[in-house]
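Breakdown of the fold
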Amino acid sequence: MDTGKRVAGIVVAGGRGSRLGGPPKQWRDLGGMTVAGRAVEALARAGLSPLVLVHPASEAAEAAQLRPGLLLVPGGATRSDSVRAGLEALAADPPDLVLIHDAARPCATPALIARVVAALDDSPGAAPALPVTDALWRGGSIVEGTQARDGLWRAQTPQGFRFDAILAAHRAHPGGAADDVEVARAAGLAVAIVAGEEDNIKVTHPGDLERAARILEQRMDVRMGNGYDVHAFGPGDHVTLCGVRISHSQGVLAHSDGDVGLHALTDAILGALALGDIGQHFPPSDPQWKGADSTLFLRHAGALAREAGYRVSNVDVTVVCEAPKVGPHVPAMKQAIGQSLGLTPDRVSIKATTSERLGFTGRREGVAALATATLVSA
Ligand SMILES: Nc1ccn([C@@H]2O[C@H](COP(=O)(O)OP(=O)(O)OP(=O)(O)O)[C@@H](O)[C@H]2O)c(=O)n1
Ligand SMILES: C[C@](O)(CO)[C@H](O)COP(=O)(O)O
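Residues numbered from 1 in each chain as written. Chains lettered and ligands numbered in written order. Predicted model: local features only at pLDDT ≥ 70, side-chain atom pairs only at ≥ 80, totals over all residues.

Rules: UniProt positions are given in the numbering used here, feature names are shortened, and annotations may be inferred rather than shown by experiment.
Going by what an unreviewed UniProt entry lists, the protein is known as Bifunctional enzyme IspD/IspF and is assigned to Rubellimicrobium aerolatum. What the UniProt record of the protein gives under Cofactor (unreviewed entry) is the line "a divalent metal cation".

What follows is the structure in structure tokens.
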């Protein structure tokens, strides 16, 4: 989505989730990512930047687990207070437009978000909603009357606004609004209704987490890629393997730091994305990559995966050499790769083998690595 405008996103995750019960819903797992993480990724994938996450003041640690570069802001006692805190955090460097989204809505699609942004060309506010289709009754334990449903809508988020207008509207509002459309309307702003989506549910009551999981599962796309790299040994006193410097009687001949493990893994991720290979992204002819730390290449591939809407689910690297010994360094290697890709060590596998003195690795002429990566749509 390229509108030529700066479109920021605010995800409000400052609530308690009391209707769902149990631990705060925004940090609950939803297919390998938190509910709030999924809401944030939905806006990120649509190209919104900067992104603000508003969280309970006591839950900064949970908020810090989400994507790098998020602006983290403590929330307030009500949803409106939390939105206001998010808007104020953007005020020093105001974007043109802002989309305000519930952390509790983890299934928003890029198409839905694009519709809201597009509608802001013609209106200071725009929000998704679905017409009420069921008959509406008034009553308690018995039906006391029927309510006409014409012209009634079920409101969703993200709700989008021209930034200056919604900031002024929130500053002027006495508080207690159900949503930002109510705040905008109180300030006299017109809000266009765009088509919402049935699957854009708000995780509110028991059973909703399972429903969201089913929705996301139907959309899930799994991709795999493999990579292979070789470097010849040459003069030197160390090799770098899987992000770890290891003392050795030789070095490797390479333009970068010659880390075959990270090169193979970078290629595996690029392969899964069908985005070519490491040489196309970081040409060896380019002097800026001379002696480069290969962590940079791996992080770049991880960022491309996120931009494409995938997260790396697990990786498996096999290093092939007679020496140095890899085993003692495996914990540090898992840590280094995990940090670069945002993976816990149990999702990073490092193995090593000799080639039984056969071939170029067997003759100790060089070191090779093979890698596999699995990517899952976020
Ligand atoms: N003080 C608050 C209250 C709510 N929210 C956020 O506003 C959204 C509104 O959804 P809702 O289902 O009302 O969330 P909760 O307030 O957490 O739920 P409950 O009312 O069941 O406690 C949620 O993403 C919630 O985290 C917030 O940022 N700050
Ligand atoms: C903003 C909202 O998601 C629109 O449907 C909703 O108003 C917020 O949640 P709540 O359930 O009304 O507290």
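1. Some details on the overall build of the protein
In plain terms, the rule: Helix and strand labels come from DSSP, where a helix needs a run of H or I of at least four residues and a strand needs a run of E of at least two; each type is numbered from the N terminus. A residue is called partly exposed when the number of other C-beta atoms within 10 Å of its own lies between 12 and 20, exposed at 12 or fewer, and buried at 20 or more, with C-beta atoms placed from the backbone. Placing a C-beta atom from the backbone of each residue, one calls two residues in contact when those atoms lie within 7 Å.
Tallying secondary structure elements over the protein gives twelve helices and 17 strands in all. Over its C-alpha atoms, taken along the principal directions, the protein stretches across nearly 85 × 45 × 35 Å. The buried share of the protein, taken over its 378 residues, is 42%. Relative to all contacts within the protein whose residues are 6 or more apart in sequence, the contacts with residues 24 or more apart total 70%.

2. Side note on the domain arrangement of the protein
A common way to state how big an interface is: give the accessible area lost once the parts meet. For clarity, the cut-off: Domain start and end points were adopted from an automatic or database domain assignment. Residue polarity follows a fixed list, in which Ala, Val, Leu, Ile, Met, Phe, Trp, Tyr, Cys and Pro are nonpolar, Asp, Glu, Lys and Arg are charged, and the others, Gly among them, are polar.
Here the protein is described as being made up of domain 1 (7-219) and domain 2 (222-377). The C-alpha centroid of domain 2 is placed 40 Å from the C-alpha centroid of domain 1. Grouping the constituent residues of the side of domain 1 that touches domain 2 by class yields one nonpolar, one polar and two charged.

3. Here's the deal with the site of ligand 1
Spelled out, the test is: In this entry, near means the residue's backbone-placed C-beta atom lies within 6 Å of the molecule or strand.
Residues in close proximity to ligand 1 total 21 residues, the closest being Val 12, Gly 14, Gly 15, Arg 19 and Ser 82. In the shell around ligand 1, the residues fall into six nonpolar, ten polar and five charged.

4. Quick notes on the UniProt feature "site: Positions MEP for the nucleophilic attack" (unreviewed entry) in the protein
Mapped onto this structure's residue numbering, the UniProt feature "site: Positions MEP for the nucleophilic attack" (unreviewed entry) falls at Arg 149 and Lys 202. Considering the arrangement of structural elements, one finds Lys 202 in the loop between β10 (191-195) and α7 (208-219). Judged by the 17 C-beta atoms lying within 10 Å of it, Lys 202 falls in the partly exposed class. If we skip the residues at most four places from it in the chain, Lys 202 touches Asp 102, Ala 104 and Arg 105.

5. A short note on the sheet that holds strand β15 (residues 310-320)
The condition that has to hold: Here a strand pair is declared whenever DSSP counts at least two bridges between the two strands.
If you walk across this open sheet you meet the five strands as β14-β11-β17-β15-β16, and the pairing is mixed. This sheet does not close on itself; its edge strands, each paired only once, are β14 (251-252) and β16 (348-353).

6. Remarks on the UniProt feature "domain: 2-C-methyl-D-erythritol 2,4-cyclodiphosphate synthase" (unreviewed entry) in the protein
The UniProt record marks residues 223-375 with the feature "domain: 2-C-methyl-D-erythritol 2,4-cyclodiphosphate synthase" (unreviewed entry), using the residue numbering of this structure. Between the end C-alpha atoms of residues 223-375 the distance is 5 Å, and the span holds 31% helix and 32% strand.

7. A short note on the site of ligand 2
All residues in the neighbourhood of ligand 2 are listed as Asp 102, Ala 155, Gln 156, Thr 157, Ala 178, Asp 179, Lys 202 and Thr 204. Classifying every residue of the shell around ligand 2 by side-chain character gives two nonpolar, three polar and three charged.

8. Focus on helix α1 (residues 35-45)
When you tally the buried positions in α1, you get eleven out of eleven residues, the bulk of the element. By the burial criterion, the buried members of α1 are Val 35, Ala 36, Gly 37, Arg 38, Ala 39, Val 40, Glu 41, Ala 42, Leu 43, Ala 44 and Arg 45. Buried residues along α1 sit against β1 (7-12), β2 (51-55), β4 (97-102) and α4 (110-119). Trailing α1 by a residue or two, Gly 47 shows a phi angle of about 90 degrees, which is positive.

9. Observations regarding the confidence of the model for the protein
Here is the rule: For every residue, the predictor states its confidence as a pLDDT score lying anywhere from 0 to 100.
For the protein, the average pLDDT comes to 96, and 99% of its residues sit at 70 or higher. As scored by the predictor, the complex reaches a pTM of 0.81 and an ipTM of 0.94.

10. A look at the packing of helix α3 (residues 79-90) against helix α5 (residues 163-172)
As a reminder of what qualifies: Here an angle of 0 to 180 degrees is reported between the N-to-C directions of two axes, which are lines fitted to C-alpha atoms, with helices fitted over the stretch in contact. Comment on the angle field: the value is read as roughly parallel under 35 degrees, roughly antiparallel over 145, roughly perpendicular from 65 to 115, and oblique elsewhere. Each crossing is labelled by how the near helix is turned from the far one, with a counterclockwise turn of less than a right angle marking it left-handed and a clockwise turn marking it right-handed.
Close contact between α3 and α5 brings their axes to 10 Å; oriented N to C, the two are set at 130 degrees. Of the possible angle classes, the one that applies to α3 and α5 is oblique. Seen from above, α3 lies across α5 with left-handed handedness. Packed against α3, whose contacting residues are Val 83, Arg 84, Leu 87 and Leu 90, the element α5 presents Phe 163, Ile 166, Leu 167 and His 170 at the interface. Taken together, the residues of the contact of α3 with α5 break down into six nonpolar, one polar and one charged.

11. Brief notes about the packing of helix α8 (residues 260-273) against helix α10 (residues 295-307)
For the pair α8 and α10, the least separation of the axes is 9 Å and the interaxial angle reads 15 degrees. With respect to α10, the element α8 is oriented roughly parallel. The hand of the α8/α10 crossing is left-handed. Residues Leu 262, His 263, Leu 265, Thr 266, Ile 269, Leu 270 and Leu 273 of α8 form the contact with α10, whose own contacting residues are Thr 295, Phe 297, Leu 298, Ala 301, Gly 302, Leu 304 and Ala 305. A per-class count over the contact of α8 with α10 returns ten nonpolar, four polar and no charged.

12. Some thoughts on the nonpolar core
Note the following rule: Here, a nonpolar core means buried Ala, Val, Leu, Ile, Met, Phe, Trp, Tyr and Cys residues linked by C-beta atoms lying within 7 Å of one another.
Counting residues in hydrophobic clusters, the biggest one holds 55 residues, and the most contacted among them are Ile 10, Val 11, Ala 36, Leu 43, Leu 53 and Val 98. Of all the elements, α1 adds the most residues to this core, at seven residues. Apart from residues no more than four positions distant in its own chain, Ile 10 is found in contact with Val 52, Val 54, Val 83, Gly 86, Leu 87, Val 98, Ile 100 and His 101. Cys 242, Leu 298, Val 312 and Val 367 belong to the second largest nonpolar core, which has 43 residues in total.

13. Considering the environment of Val 376
Tracing the chain through its elements places Val 376 in strand β17 (residues 366-377). Given 18 C-beta atoms within 10 Å, Val 376 falls into the partly exposed group. Apart from residues lying up to four places away in sequence, Val 376 is in contact with Gly 32, Met 220, Val 222, Tyr 310, Arg 311 and Ser 313.

14. Quick notes on the pairing of β2
Using the following cut-off: Handedness of a crossover is defined as follows: orient the strands so they point away from the viewer, and if the path from the first strand over the helix to the second runs clockwise, the crossover is right-handed.
Buried residues dominate β2, accounting for five of its five residues. Here β2 shows no split at all, with Leu 51, Leu 53 and His 55 on one side and Val 52 and Val 54 on the other all buried. Sheet analysis places β1 next to β2, joined by four bridges and oriented parallel. Opposite Ile 10, over in β2, you have Val 52 as the bridge partner. Of the crossover connections in this fold, the one passing from β1 over α1 to the parallel β2 is right-handed. Sheet topology places β2 next to strand β3 (residues 71-74); four bridges connect them, and they run parallel. Looking across to β3, one finds that Val 52 is bridged to Leu 71.

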